[in-house]
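# Breakdown of the fold
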Amino acid sequence: MGIKRYHYARDVEEALSLLLAYEGRGALLAGGVDLARGVASEVEGLIDITTAGLDGISAADGALRIGATTTLEGIRNSREARGYLEGFLVEVLGHVATLPLRWMATLGGAVVSAHPWADIPTALIALGAEVAWRNEEREERASVEELYHRPFRAIFRRAVLTEVRLPAWSGAFAFEKVSRNAGDIALINCACGLGVEGGKIAWARVAVGATPYRAVRLATVEELLVGEAPTAELWAEAGRAAQREARVSDDMRASGEWRRAVIPVIVRRALERAGNAVMGDER
Ligand SMILES: Cc1cc2nc3c(=O)[nH]c(=O)nc-3n(C[C@H](O)[C@H](O)[C@H](O)COP(=O)(O)OP(=O)(O)OC[C@H]3O[C@@H](n4cnc5c(N)ncnc54)[C@H](O)[C@@H]3O)c2cc1C
């Protein structure tokens with residue numbers, strides 16, 4: 001690697017000014033889990049942001065704010081994350097890589113690296129998570145879903161992601177991942193959330209990822225669920241609708257045909273688990 005200098009940024013301002021000064025030849029480094037796999041040949045300076053005061057978690061009124069450099073295992077071990085949606089986030093992060101890597105990898109790094117096969121974007125999109133970042137002009141915000149429709153790799157060549165915000169939900173979420181073994185990358189994943197009022201589904205969120213494309217919400221499936229009574233038949237019907245709507249393809253890990261066959265199963269399972277949890281709360 002052509003790295004000549006390594007900086008420890010004392011705060012966001014310093015991280016940003018160093019990044020801008022390098023004019024494309026510098027890179028922010030958080031956990032380094034992703035960056036260690038290879039840095040672009042033009043990068044001369046690494047800017048370590050783990051000393052920039054961007055870690056920490058706070059909870060208020062059922063919502064969570066997580067600093068960008070908070071490690072995945074740091075989140076999993078926090079009282080705030082354990083209390084969020086009955087531990088949904090803790091469960092999702094438990095599916096990511098292996099314990100030693102989770103102690104290094106940060107939530108901000110996961111948002112920016114945005115691998116299509118990753119689990120975290122799928123969960124964040126289902127949750128309606130919002131991110132905040134600082135560029136040379138101002139602080140900006142967007143939902144993770146919206147961010148991925150923007151040229152986000154170019155944005156983060158000149159910006160520091162500072163925080164991830166998870167909204168409060170009155171309902172339950174469940175996550176499903178299929179991989180070759182517990183520490184491996186997803187062959188397919190999905191995250192589903194439901195709220196029930198008066199015995200009918202009031203809102204639904206269904207996101208499928210690693211198809212092998214980055215996660216997207218399935219609008220027709222969400223529409224199909226809202227207003228219906230939560231039943232086993234409905235979960236199966238939603239699974240079939242997900243199979244019709246999701247865009248799948250082959251990659252080195254699995255065929256599109258296999259993914260299409262598995263989608264109805266994982267969507268049905270996630271909805272069933274979320275439905276059981278939310279009906280338990282209703283009762
Ligand atoms: C072996 C392996 C297995 C994995 N398995 C899974 C898995 O099962 N599920 C899953 O969801 N993910 C998985 N991942 C992805 C993993 O979650 C991410 O690689 C990790 O979270 C990146 O975080 P980091 O802090 O190490 O980022 P870094 O490696 O430090 O940075 C990654 C990129 O993000 C940029 N960046 C980091 N922080 C910021 C910031 N605050 N602002 C702007 N830019 C920033 C860096 O410049 C770099 O471009 C795996 C990765 C590896 C290497």
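An account of the accompanying structure is given in this report.

Scoring rules and cut-offs
Residues numbered from 1 in each chain as written. Predicted model: local features only at pLDDT ≥ 70, side-chain atom pairs only at ≥ 80, totals over all residues. Heavy atoms only, no water. Near = heavy atom within 4 Å. Polar contact = N/O pair within 3.5 Å; in protein donor to acceptor, adjacent residues only side chain to side chain. Areas by Shrake-Rupley, 256 points an atom, 1.4 Å probe, with all protein chains shown as cover. Helix = DSSP H or I, 4+ residues; strand = E, 2+ residues; numbered from the N terminus. Nonpolar A, V, L, I, M, F, W, Y, C, P; charged D, E, K, R; others polar. Pairing = 2+ DSSP bridges. Core = buried A, V, L, I, M, F, W, Y, C linked by side-chain atoms within 4.5 Å. Buried < 20%, exposed > 50% of the residue type's maximum accessible area, 1.4 Å probe, protein only. Domains from an automatic or database assignment. Contact = heavy atoms within 4.5 Å.

## So, the site of the ligand
The ligand sits among 31 residues. The nearest are L28, G31, L35, T106 and D119. A30 is positioned with one of its backbone polar atoms (N or O) 2.8 Å from an oxygen atom of the ligand. The separation between an oxygen atom of the ligand and a polar main-chain atom of L35 is 2.7 Å. Out of a free accessible area of 980 Å², the ligand has 89% covered by protein chains. Looking at the shell around the ligand, the elements with two or more residues in it are β2 (26–29), α6 (107–113) and β8 (160–166). Among the elements that line the shell around the ligand, the one with the most residues is α6, at four residues. For the shell around the ligand, the class distribution of residues is 20 nonpolar, six polar and five charged.

## A short note on the sheet that holds strand β10 (residues 186–197)
Here four strands make up an open sheet; going across it, the order is β9-β10-β11-β12 and the pairing antiparallel. Each edge of the sheet is formed by a strand with only one pairing partner; in this case those strands are β9 (172–179) and β12 (216–217). Sheet topology note: the strand β11 (residues 200–209)/β12 ladder contains two bridges and is antiparallel. Its bridge partner being in β12, A207 is matched across the sheet by R217.

## Notes on the pairing of strand β5 (residues 63–67)
With four bridges connecting them, strand β4 (residues 57–60) and β5 associate as antiparallel partners. Directly across from A59, in β5, lies its bridge partner L64. Between β4 and β5, which pair antiparallel in sequence order, lie two residues; one of them, D61, sits at a positive phi of approximately 50°.

## Some details on the nonpolar core
Judged by nonpolar contacts, the single largest core of 46 residues is most densely connected at F88, L89, L147, V164 and L166. No other element matches the six residues that helix α7 (residues 120–127) contributes to this core. Here this core spans two domains, since at least three of its residues come from each of domain 2 (57–166) and domain 3 (172–282). Filtering out sequence-adjacent residues up to four positions away, F88 remains in contact with A123, L127, F173, A174, F175 and A191.

Such coordinate-based values are descriptive only and should not be taken to indicate function.
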